[in-house]
Amino acid sequence: MNGSKPNTDIGIFAAFNALLLRDLRVYFRSRGTWLNPLVFVLMVITLFTLGIGPDPSALSTHASGIIWVVALLGIMLSLDALFRADFDDGSLEQLLLSPQPLYLAVLAKVLAHWVITGLPIVLASPLYSLMLGIPANAIAFLALGLLLGSGILSFIGAIGASLTVSLRSGGLLIALLTLPLYVPVIIFGSQFVQSAIEGWPLMPTLSMLLGLLIGAIVLAPIAIIGGLRLSQDS
Amino acid sequence: MSTEASNHSTQTHISDEPSLVLDSVSCERGERLLVECLSMSLAAGQGVRIEGPNGSGKTTLLRVLAGLSQQYSGAVRWCGEDIRQARAVLAADTLYIGHLAGVKALLTPLENLAWWVSLHIPSLDPLSKESLLNALTQVGLQRFANTPCHQLSAGQQRRIALARLYLSQHRLWILDEPFTAIDTDGVALLEQRIAEHLAQGNMAIITTHQAMQIEGFSSYCLDKVEQKEGGGQ
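Per chain, residues are indexed from 1 in the order of the written sequence. The lettering of chains begins at A and the numbering of ligands begins at 1, in the order of writing. Per-residue local features of the predicted model are confined to residues with pLDDT of at least 70, and side-chain atom pairs are confined, for both listing and counting, to 80 or more; whole-chain, interface and lining totals are unaffected and use all residues. With hydrogens and water excluded, all non-hydrogen atoms of the structure serve as input to the side-chain values.

Caption draft 1: Examining the packing of aromatic side chains more closely. Working definition: a ring pair exists when centres of Phe, Tyr or Trp rings (six-membered ring for Trp) sit within 6.5 Å. Plane angles under 30 degrees give stacked, over 60 give edge-to-face, the rest tilted. Counted under the stated rule, the structure contains 2 aromatic pairs over all chains. Judged by centre distance (6.1 Å) and plane angle (55°), the ring pair of F28 of chain A and W34 of chain A falls under tilted. Exposed residues in this analysis have more than 50% of their type's maximum accessible area, buried residues have under 20%, and partly exposed residues fall in between, with area computed by a 1.4 Å probe over protein chains only. According to the relative accessible area criterion, W34 of chain A is partly exposed, its value standing at 29%. Geometrically, the ring pair formed by F141 of chain A and F192 of chain A is edge-to-face, given 6.4 Å between the ring centres and 75° between the ring planes. With a gap of 51 residues between them, F141 of chain A in helix α8 (residues 136-164) and F192 of chain A in helix α9 (residues 171-198) connect regions that are remote in the sequence. Classification of F141 of chain A as partly exposed rests on a relative accessible area of 31%. According to the relative accessible area criterion, F192 of chain A is buried, its value standing at 1%. The side chain of R22 of chain A reaches across the aromatic face of W115 of chain B, ending 4.0 Å from its centre. In this scheme, Lys NZ or Arg CZ marks a charge over a ring once it lies within 6 Å of the ring centre and within 35 degrees of the ring normal. Over the ring of Y72 of chain B we find R84 of chain B, and its NZ or CZ is 4.1 Å from the ring centre. Each helix corresponds to a stretch of at least 4 residues labelled H or I by DSSP, and each strand to a stretch of at least 2 residues labelled E; elements are numbered beginning at the N terminus.

Take a look at the structure:
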């Protein structure tokens, strides 16, 4: 018999794994979902190189800012899909009614989404670093900054996605809700890359990014759960 | 089932015996008041069939009882505790199947069930395929266990959701139109499963437009006019 207290020994981690694997499976079977943000980022950066012109010094001056803004937009555009399919087919109801801790379920969902949107952007960063003329010794730091930053962007963006999932067209509203919250990430993220290029101390901005990431992982799921519960009342 | 206008004797009733008590529950959707001051109680082994024309608030009421919707006044008590406070207790004891099947089209029936089991039946290992295959066999999908769901018909996708009934040990089933898109034989099997569930001392709340022949079931009509005249039975 299932008692009133859920068996929490293996259940929590089994549920976390099952959710993570199931979401990754769904994403990989719907080809394109994981490719779209990456292709978007590569195309916009190509447009920047064409627009600014072939002058390497002009490109590399603005490179860190361009990369961060484009990565931010790429992740933001993919966010609408985070809870939409689950909302439409009823999986979200089953998730919300689960006796398992929702906190972990939300962590798993955002993590899976980051793996297919944020991670490819991080892994491809050497490619567009070369396109924008970022010095070779700064490429690793750019990737590190993007690794931390894309995680923050995914978690903050997921709050917007959870609040707009019950609206038919939430796309632009997500942008309006999350862009103000993205400001610190952009400031410290591009500052980190700039520091690496110029040889300034890295620790201050790196610790800010780490702090923001930890804060986002700890606090964002609470807001996301609230948003998802609200979506069931509309 | 009792459907008195306000049943105050149940208010202080707290016991281990599972029971669902609705205390003057009203819910609205949009601006319309759909369910007005509904009081009823459900004890072990009892089932209730909620009837009413389209748009009379059956789904809205079921979503409130499952703990999905918070937009209601009055109180719903599960085993004596208000479900607003005791959400986790209700979640552990309840199986809800709504209009939306909660079945991912890109996954196979087996994968869909494994995901659901890991969320809702922590005592069962989601990777042990035996019990999952058994449940799929019960709903006649054993041959399609590894076929992506988007290749299955609407009725078959519905059957995946209903396969949960054969895995569930929840004490309360809340089923919203469970027989939609299910063929006659399937409906008979499901009725048998629901009767079994009640015979084990559990409860069920079902909305359906089809006639059901299950012992221990009473029906309640959500038609507003009838309700004002005394309603019930």
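Resuming the write-up.
Caption draft 2: Representation of the sheet that holds strand β9 (residues 217-221) of chain B. Residue and element names in this part refer to chain B. Pairing between strands is defined by DSSP: at least two bridges between the two strands are required. With parallel pairing, the 5 strands of this open sheet are ordered in space as β6-β7-β8-β3-β9. Both outer strands of the open sheet, β6 (94-97) and β9, are each paired with one neighbouring strand and no more. Strand-to-strand twist in this sheet, taken as the mean axis angle between neighbours without regard to direction, amounts to 15°. Here strand β3 (residues 47-51) runs beside β9; their pairing, made up of 5 bridges, is parallel. Looking across to β9, one finds that G47 is bridged to F217. Relative to strand β7 (residues 172-176), helix α1 (residues 58-66) is tilted by about 150°, and along the sheet it contacts β3, β6, β7 and β8 (203-207). The angle between two axes is taken between their N-to-C directions and runs from 0 to 180 degrees, where each axis is a line fitted to C-alpha atoms and a helix contributes only its stretch in contact. Two residues form a contact once any of their heavy atoms are found within 4.5 Å.

Caption draft 3: Inspection of helix α6 (residues 184-199) of chain B at higher detail. All names here are of chain B. Between its terminal C-alpha atoms α6 stretches 23 Å, which fits the 22 Å expected from 16 residues at 1.5 Å a residue. Buried within α6 are the following residues: G186, V187, L190, E191, R193, I194, H197 and L198. End-on, the buried residues of α6 take up no more than an arc of 160°, which puts them together on one face. Facing away from the buried side of α6 by more than 90 degrees, the exposed set consists of T184, D185 and A199. On its buried face, α6 is in contact with β3, α5 (154-162), β7, β8 and β9. Count one or two residues on from α6 and you reach G201, which has phi positive near 90°. For a helix, the expected span equals 1.5 Å multiplied by the number of residues minus one. Working note: the arc is built from the helix axis to C-beta atom directions.

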